[in-house]
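Here is how the chains run, residue by residue.
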Amino acid sequence: MTDSLLSVRDLSVTFRLPEGEVTAVDRLGFDVAPGEVLGIVGESGSGKSQILFSLMGLLAPNGRASGQALFAGQDLLAMTDTELDRVRGVSMAMIFQDPMTSLNPYKRVGDQLAEGLVVHKGLSWRAARAEAVRMLDRVRIPDAASRARRYPHEFSGGMRQRVMIAMALLVNPRLLLADEPTTALDVTIQSQIIDILAELARDMGTSIVFVTHDLGVVARLCDRVIVLYGGRIMEEAPADILFNAPRHPYAKGLLDTTPRIAAPLTRRLDIIPGTPRSGGAMLPGCPFAPRCASRIAACEAVQPPLIGIGPAHRTACHLIGEAP
Amino acid sequence: MLLFLIRRLADGLLTMAALLTLTFFVMRLAPGGPFSSNRKISPTIRANVEAAYNLDQPLVAQYLRYVRGVLQFDFGPSFRYRDYTVADILLNGLPFSLTIGLWAALVATVTGVTLGILGALKRNSLLDYSTGTIAVIGIAIPIFVLAPLMQVYFAVMLRWFPVGGWNDGWRSLVLPVVALALPNIAYISRLTRNSMIETMRENYVRTARAKGIGRGRVIRDHALTGAILPVVAYLGPATAAIITGSIVIETIFALPGIGRHFVDAALNRDYPLVMGITILYGFVLITFNIGADILRGWLDPRVRHD
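As the structure is a computational prediction, the values presented were derived from the model and not from experiment.

Caption draft 1: Representation of helix H4 (residues 86-121) of chain B. Given a rise of 1.5 Å per residue, 36 residues ought to cover 52 Å, and the 49 Å separating the end C-alpha atoms of H4 of chain B matches this to within 8%. At Leu94 of chain B, H4 of chain B is deflected by roughly 35°, the largest bend along its length, and proline Pro95 of chain B occurs up to four residues later in sequence.

Caption draft 2: Looking closely at the packing of H4 of chain B against helix H9 (residues 215-243) of chain B. Residue and element names in this part refer to chain B. Following both chains from N to C, one finds H4 and H9 inclined at 150°, their axes separated by 10 Å at the closest point. Put simply, H4 runs roughly antiparallel to H9. Relative to H9, H4 is oriented so that their crossing is right-handed. Two secondary-structure elements touch here, H4 through Ser97, Leu98, Gly101, Leu102, Ala104, Ala105, Thr109, Val113, Ile117 and Leu121 and H9 through Arg215, Ile219, Leu224, Ile228, Val231, Leu235, Thr239, Ile242 and Ile243. In the contact of H4 with H9, the residues fall into 14 nonpolar, four polar and one charged.

Caption draft 3: The domain arrangement of chain B, seen in detail. Residues and elements named next belong to chain B. Per the domain assignment, the segments making up chain B are domain 1 (7-71) and domain 2 (89-304). Spacing between the C-alpha centres of domain 1 and domain 2 amounts to 34 Å. Each side of the interface is counted separately: domain 1 has 18 residues, and domain 2 has 14 residues. Contact between domain 1 and domain 2 buries roughly 1500 Å² in total, counting both sides, with carbon and sulfur atoms accounting for 76%. Among the residues of domain 1 in contact with domain 2, Arg8, Met16 and Met27 are the three that bury the most area, contributing 36% of the side total. Where domain 1 packs against domain 2, one counts one salt bridge. A salt bridge links Asp293 to Arg8, with the nearest nitrogen and oxygen atoms 2.4 Å apart. Where domain 1 touches domain 2, the interface holds one residue pair in polar contact (both at pLDDT 80 or more). Broken down by secondary-structure element, the contributors of at least two residues to the side of domain 1 that touches domain 2 are helix H1 (2-29) and helix H3 (59-71). Counting residues per element, the side of domain 1 that touches domain 2 draws most heavily on H1, which supplies 11 residues. Here the side of domain 1 that touches domain 2 is composed, by residue class, of 11 nonpolar, five polar and two charged.

Calculation notes
- Residues numbered from 1 in each chain as written.
- Chains lettered and ligands numbered in written order.
- Predicted model: local features only at pLDDT ≥ 70, side-chain atom pairs only at ≥ 80, totals over all residues.
- Heavy atoms only, no water.
- Helix = DSSP H or I, 4+ residues; strand = E, 2+ residues; numbered from the N terminus.
- Expected span 1.5 Å × (residues − 1).
- Bend = angle between axes of the 7 residues up to and from the residue.
- Axes fitted to C-alpha atoms, helices over the stretch in contact; angles between N-to-C directions.
- Parallel < 35°, antiparallel > 145°, perpendicular 65-115°, else oblique.
- Left-handed = near helix turned anticlockwise from the far one by under 90°.
- Contact = heavy atoms within 4.5 Å.
- Nonpolar A, V, L, I, M, F, W, Y, C, P; charged D, E, K, R; others polar.
- Domains from an automatic or database assignment.
- Buried area = accessible area lost by both parts, 1.4 Å probe.
- Salt bridge = Lys/Arg side-chain N within 4 Å of Asp/Glu carboxyl O.
- Polar contact = N/O pair within 3.5 Å; in protein donor to acceptor, adjacent residues only side chain to side chain.

Listed below in structure tokens is the structure:
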């Protein structure tokens, strides 16, 4: 795909630990088109957040990313920190999982927002602060002008996440990386945050990579979904196809574990037996094989390739053949 | 911020009052007195002497008289040094202790914080390891070992600085200041390093890095405040202790500061001098703690909004 905004190929993320090298993300490839919202779904420890950190150059000091991530034609993974600083906070921004700790407690909220504009766009502090207030207003912070002079501890969790969104979008980035931005918030606030994010991204034409374990959020927001397990893509499909006709056993299992309003109250929630794999050496076969109910002998021996089974629909399972 | 300031000052005054009262009564409760030493004195002379120092009055009256004096910087006459008042003794020694102490505090803070931050940013580098080693040595080797060694090397062998005394301008200052600063450099650099490393792992520092504002700004504008706060909290009491003089340093370098009175006065049961020293130390300690609190409040909005 040549019209991709972001094109990731063979992305691996490994961590050096005292017990040896652990692979969190294993030779992953995906694309994000301009204006598209891509959801990356997976359980805890599936490596989904590390994908975003590797793109932003924010991996922990013992982490290492290899492969290629072309963003607007430039390989993010080959850049030095200084080169990355011309991309992150400029054309690519990120919002984080925990809004309570992700803002600097010692600086006024407005100044934290304005900082990016001063550094990257050469605005004066006065002009940048005015821009910041306008953006805070857009994420529906009431009384934005006086709120901008306050400190993060004077904001609620939901407000802080709106501040984070304002801070990320203030520089008008082409790509927004969102790392479980609603996980730490309660459900009604989650819904507001998603609305604001969706609305702004649409208005500003920003692409989003949205990492979450919440399928409800994905259904509301995303155009396309990647289901991740053990650092590998299990299935990739347009959102409506994935929700209506998932093919991979893990994707099916994941959807079955989601409670549905329409289901009878007596129906017990399905679970996927076993526990998510955590680190350790990569298995030779499919990472989901040990927990998969329909596994065959080949599953534990050979890694199934990611194959196309329909338009924009790919999956990695031995049981599913190539599209005719 | 104003409310925070007023509250801290009021706290300080209360603490001062409590310190003054407690010290006064505890001193009087302790058995023995300045004139109950080896020699037997006739009851008449004893009564006269006690009357001269107002020791024959009721305790509460003595206390009120004392408090009135302290408010006018009058701590009464010394029992031991008959020709001097306590205020004289303190004012004579204080300039020496203050000069050495303030320089030592400044040197310790600047050097300690700088080494700590460099060590944290270049973790596991040669610089980090060498400051780490020096810090451990600085904390582990007592000053009464280090100071004479410095005298032997820099004063006797190299003849750069005088061995002691106060007659050689700034040269007289160097060795005692360095000796007094050294353990604090060691401690402050460790404290700063660990605090900086911890702060660099904070989520908000990651947010700052994600903004692409450059490593320099991330450190200066975001990480530094958080890293420096524990150091500021430590500096309050530490500076108070440093500037009120060290008996070890003042003895080794033959300096006429007030440090030695801390011990002498108690041994001599020189009530007014003990009281004077205690109140002076308490005052300095409380002042610097309030100073540190104000600094923390200025740096951290959560402290001043509390």
